[in-house]
Amino acid sequence: MLTYTHPICSSLPCRFKKGTNVTVEFTFKPTSDHVELYHVVYLNITDIRQNFSGLHNTIACPFIHPVNKPQDNGCPLKAGEEYLYHLQIHIEDTFPRIDFFMLHWSFRDRAKEIDAICVELPAKIIA
C-alpha cells in the first residue's frame, strides 16, 4: 500500500520532548487513488489505545502536497504519484512522561474503508 521515505524521526525510538514542536514529514506513493483522507493517530501504551487529541479523525489533505507541485493540495491523490506530508505538532508540557509506546500514524480513506498509509514506530515522551 505504501512506499515512503523521510522517516518521522532520525533514530528509534522516536524521542518527543515536552514543550517542543515536532515536524512530521515524509514522502509516499499511494498504490490506489483517494479522494479524501483522515488522520488516524494514536499512542498504543501497553495495549491501551490513546487517540492523539486535536489530530485524530481530522482531514489530512491540507498537509499533503504533490512533491512536484508544493503549492497544490494533495487531495484527490493519484496512485503512483509522489506526495509530501508535512505537519508541525506541539508536544504539550502537560503530556505525561512515557518511557515507551507505539506511535500509530495512518491516513484513512473512509469511502473505501482502507488505510492509504500506515506507519507504526516505537517512541517515548521525555521531559
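Bear in mind the structure is a predicted one, so any value in this text is a computation, not a measurement. (Residues numbered from 1 in each chain as written. Predicted model: local features only at pLDDT ≥ 70, side-chain atom pairs only at ≥ 80, totals over all residues. Heavy atoms only, no water.)

Asker: Sorry if this is basic, but what is going on with the nonpolar core here?
Answerer: If you look at soluble globular proteins, the nonpolar side chains tend to sit buried side by side. Core analysis: the biggest nonpolar cluster contains 33 residues, and Phe-16, Phe-28, Ile-64, Tyr-85, Ile-89, Trp-105 and Phe-107 have the highest contact counts within it. For this core, the secondary structure elements donating two or more residues are strand S2 (14–17), strand S3 (20–30), strand S4 (38–45), strand S7 (83–91), strand S8 (98–109) and strand S9 (114–126). If one sorts the elements of this core by residue count, S9 sits on top with 6 residues. Residue contacts for Ile-89: discarding those within four places in its chain leaves Thr-20, Asn-21, Val-22, Val-24, Phe-52, Leu-55 and Trp-105. (Core = buried A, V, L, I, M, F, W, Y, C linked by side-chain atoms within 4.5 Å. Buried < 20%, exposed > 50% of the residue type's maximum accessible area, 1.4 Å probe, protein only. Helix = DSSP H or I, 4+ residues; strand = E, 2+ residues; numbered from the N terminus. Contact = heavy atoms within 4.5 Å.)

Asker: Help me understand the state of the cysteines, please; the structure alone is not making it clear to me.
Answerer: Covalent bonding between the sulfur atoms of two cysteines is what defines a disulfide. This model, assessed by the stated rule, comprises 1 disulfide. The disulfide partner of Cys-61 is Cys-75, and the gap between their sulfur atoms is 1.9 Å. A torsion of -80° about the S-S bond marks the disulfide between Cys-61 and Cys-75 as left-handed. With a gap of 14 residues between them, Cys-61 in the loop between strand S5 (48–51) and strand S6 (64–66) and Cys-75 in the loop between S6 and S7 connect regions that are remote in the sequence. (Disulfide = S-S within 2.5 Å.)

Asker: Sorry, what's going on with the environment of Asp-47 here?
Answerer: On the secondary structure map, Asp-47 appears in the loop between S4 and S5. For Asp-47, a relative accessible area of 72% gives the class exposed. Separated by 70 residues in sequence, Asp-47 and Ile-117 place their C-alpha atoms 21 Å apart.

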